Amino acid sequence: MELSLARVDYLQVGVTAQKTMRLLPASGRKATQKVVVGDQNGVVTCFGIKKGEAVPVFKTLPGQKISRLELGGALNTPQEKIFVATGSEVRGFTKRGKQFLSFETNLTESIKAMHISGADLFLCASYIYNHYCDCKDQHYYLSGDKINDVLCLPVDKVNCITPVLACQDRVLRVLQGSDLLYEVEVPGPPTVLALNSGNGGDSGEEIVYGTSDGKLGLIQITASKPVSKWEIGNEKKRGGILCIDSFDILGDGVKELLVGRDDGALEVYNFESADDPVLRYDHAFSESIASVQGGCVGKEGYDEILASTYSGWLTGLTTEPVHREGGSGEELKLSQEMQSKISSLRNELEHLQMKVLQEREKYQQSSQSSTAVSSVPVFSVNDKFTLNKDDASYSLILEVQTAIDNVLVQSDVPIDLLDVDKNSAVVSFSSCDSEPNNNFLLATYRCQANTTRLELKVRSIEGQYGTLQAYVTPRIQPKTCQVHQYQIKPLSLHQRTHSIDHDRPMNTLMLKGQFSFAEIHSWVVFCLPEVPEKTPAGDSITFYFQNTFLGTQLESTYRKGEGCFKSDNISTISILKDVLSKEATKRKINLNISYDVNEESVRYTLKLIHPKLEYQQLLAKKVHLIDALRELQVHEGNVDFLLPKYRSILEEADQLLEEYKRQPAHLERLYGMITDLFIDKFKFKGTNVKTKVPLLLEILDGCDQDGLIAFFEAA
């Protein structure tokens, strides 16, 4: 059955956070549902739709920004009480807008995630989980990494309270009281949790999770262990998942999975077979989808998917057909309802234009008076800076509540800007002085009209660390700009992983000295991405990492006064040694550094790099031949006389050029990494081999693996 949905924009509120819009249960069997949404101005808005127009039910006064909105009520009754989390407080409203609860929690930080089940309230700040029953403190848990979402299995089905925390370190933590029952490893940092089919499935134990790198999965949380049911990767390279709901939009008696992503993609998955879900429908919005719900909103009898976007738009994708009368050549006859709607919109537009002119004149007059005070308009920026495992690049996503005019990107470390297909902005580079000012990159992205979301891709060089700055200027008057800073870490291309291969030949770096657990943890945070800023509980900690560019690995174990770092890449050990000794010197701490270099590891790393090197050299050679082959094709007309390998280059020319363009300086990076490996190998022996680098580059051009290994061992 083909799914055909029509888009309807209902209303715009303020900027909204993740999971802050819900549909209230319908009062009758065929009645439409009311929408309730909380925004970052602290306003809770409840409205219904009559004759295509939004009719307000209630609206609260502004306050602290709303981070979560959930529905609650007694178990097995309609969930129509509205609960919002603002700062460290939870407020409750009836469906008519009367406030019946104001619960000031004992949390010192703002609430980041909330779940309600009957009289039980589950709240999470960055690292802390609290369980309250009838507003009385019951249980507490301190997580090892940031908590992104919280959920509890349905008590009426599993007969016990089982909270599940989605944590940034790619783990779901299942709790029992104040204790950890077990951990579930997932393929990416989980950002959102939802009960399968809205009720946990037949067993009540099934949870759907979405990750920040766009993966989706279903796990059964049993009393003793997790059971993974299915997992969907992110082959289309779409955005991270922000919201999930279950609703039968196809009307076939089976609930579909509704998924909202941070690149504006809204997807509908259905279960044609009992196994994996299949993508049946998708729709592209121009901004991230903060919340998604399925229900009946616009017109009774017609189901729809309602989405709230970052800038506060509430938009429906309805099954109601858009009726158009008249054939080709005839004017479309608009219904009476549509004509009155157009008329009211025209009047509203004229009224707004008049108001803008009046406010502009008022501002001009006040700015020219002797007592003028310049006011800078405040605007909200939603940003995300993440490492992509697939191509070892960083994605910088900037989303503004109003249209972006331009974004200036500046970096004090050498980085490459990569092409992004979805990006329609015009980029221009400015020359900059790298020597006195440490200014390696200055680029301006000029955006087209109505662009509210910009995605950039950068690739860093390990060992070179500093700051990337983005100056965001929106299209508002008076002109104003916000600066956002992002740290490029010394081992920036490393990503946290659950386990490593212990059979690889490893180099070891040992540190000993008069430093505390918190101090060495802060050094590791400075060096590596995806490490929680909070010092871990306990006496010692072990983290595993994988280099996304080369596939090499790192194991870091440390405690008070001692640190041990193991890697199969000697350059990783060299970077750690330099940076950690520099950080210790800053704090006037004496370090006793010892290392154990495994000669076999260099050969192993070279064998890891070589296939990538060979592929990139072949790609570069093919790209250099394209122009000559095309010229030959123009002159000769027929290229049948060419060897098959040259004919295939001509046939694949566009794909080859596209791939080469997508990865600028890839070959140079590999050359640089092999050169660093060569220098670092001998640095640990106390030998300076920089004079032999030109000879190494000659061997690299020859692309002979055995010759390269022999050169490393002979030098």
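Note that this is a predicted model, so its numbers are computed, not measured.

(A) Looking closely at the overall build of the protein chain. In terms of regular secondary structure, the protein chain is built from 10 helices and 43 strands. By the compact-globule yardstick of 27 Å for 715 residues, the protein chain fits well, its C-alpha radius of gyration being 29 Å. Expressed as a percentage of the 715 residues in the protein chain, the buried residues total 50%. Of the contacts formed within the protein chain by residues at least 6 apart in sequence, a portion of 56% connects residues at least 24 apart. Of the roughly 34,900 Å² of accessible surface on the protein chain, 49% is carried by carbon and sulfur atoms. Here the protein chain contributes 77 positive and 94 negative side-chain charges, whose respective centroids are spaced 4 Å apart.

(B) Just the nonpolar core, in detail. In this structure, V407, L468, I674 and F712 are the most contacted members of the largest nonpolar core, which totals 78 residues. Looking at this core, the element that brings in the most residues is helix α8 (residues 666–683), giving 8 residues.

(C) Main features of the environment of D390. Residue position: D390 is located in the loop between β29 (381–388) and β30 (393–400). Note on D390: relative accessible area 61%, which makes it exposed.

(D) Up close: the side chain of D120. With respect to the element layout, D120 can be found in strand β11 (residues 120–124). Among buried Asp, Glu, Lys and Arg side chains, D120 stands out as unpaired, with K136 the closest opposite charge at 12 Å. Within the structure, D120 has its side chain in polar contact with the side chain of H131 (distance 2.9 Å).

(E) Local environment of the pattern of salt bridges. On inspection of all chains with the given rule, the structure shows 34 salt bridges. Between R475 and D405 there is a salt bridge; the shortest N-O distance is 3.8 Å. With R475 in the loop between β36 (466–474) and β37 (482–488) and D405 in strand β31 (residues 404–411), this residue pair connects regions lying 70 residues apart in the sequence. Under the relative-accessibility criterion, R475 is labelled partly exposed at 38%. K683 serves as the salt-bridge partner of D680, at 3.9 Å between the closest nitrogen and oxygen. Highlighted residues: D680 and K683, both in helix α8, separated by 3 residues, approximately one helical turn. A single salt-bridge network, built from bridges that share partners, covers D145, D169, R173, E183 and R496.

(F) Focus on helix α10 (residues 705–714). Those residues of α10 not exposed but buried are L708, I709, F711 and F712. Each buried residue of α10 lies within a common arc of 155 degrees when the element is viewed along its axis, so the set occupies one face. Structural note: α10 exposes D706 and A714 on the side pointing more than 90 degrees away from its buried face. Close packing links the buried residues of α10 with α5 (599–636), α8 and α9 (693–702).

(G) Region of interest: the confidence of the model for the protein chain. Here the protein chain averages 86 in pLDDT, and 96% of its residues register 70 or above. Taken as a whole, residues 325–332 scores under 50 in pLDDT and shows 3 contacts with residues more than four places along the chain or in a different chain.

(H) Up close: the pairing of strand β42 (residues 562–567). Relative to β42, strand β39 (residues 507–513) is paired through 6 bridges, and the arrangement is antiparallel. From the neighbouring strand, L511 faces β42, where its bridge partner is G563. Direction of pairing for strand β41 (residues 553–559) relative to β42: antiparallel, over a ladder of 6 bridges. Note on β42: the bridge partner recorded for T557 is C564. Connecting β41 to the next strand, β42, in antiparallel fashion are 2 residues, including G561 with a positive phi near 80 degrees.

(I) A look at the domain arrangement of the protein chain. Domain parsing of the protein chain yields domain 1 (17–239), domain 2 (389–473), domain 3 (494–597) and domain 4 (601–714). On a C-alpha basis, the centroid separation for the pair domain 1 and domain 4 is 51 Å.

Each value, and the rule that gives it
Residues numbered from 1 in each chain as written. Predicted model: local features only at pLDDT ≥ 70, side-chain atom pairs only at ≥ 80, totals over all residues. Heavy atoms only, no water. Helix = DSSP H or I, 4+ residues; strand = E, 2+ residues; numbered from the N terminus. Rg over C-alpha atoms; globule rule 2.2 N^0.38 Å. Buried < 20%, exposed > 50% of the residue type's maximum accessible area, 1.4 Å probe, protein only. Contact = heavy atoms within 4.5 Å. Areas by Shrake-Rupley, 256 points an atom, 1.4 Å probe, with all protein chains shown as cover. Lys, Arg positive; Asp, Glu negative; His and termini not counted. Charge placed at Lys NZ, Arg CZ, Asp CG, Glu CD. Core = buried A, V, L, I, M, F, W, Y, C linked by side-chain atoms within 4.5 Å. Salt bridge = Lys/Arg side-chain N within 4 Å of Asp/Glu carboxyl O. Polar contact = N/O pair within 3.5 Å; in protein donor to acceptor, adjacent residues only side chain to side chain. Arc of directions from axis to C-beta. pLDDT = per-residue confidence, 0-100. Pairing = 2+ DSSP bridges. Domains from an automatic or database assignment.

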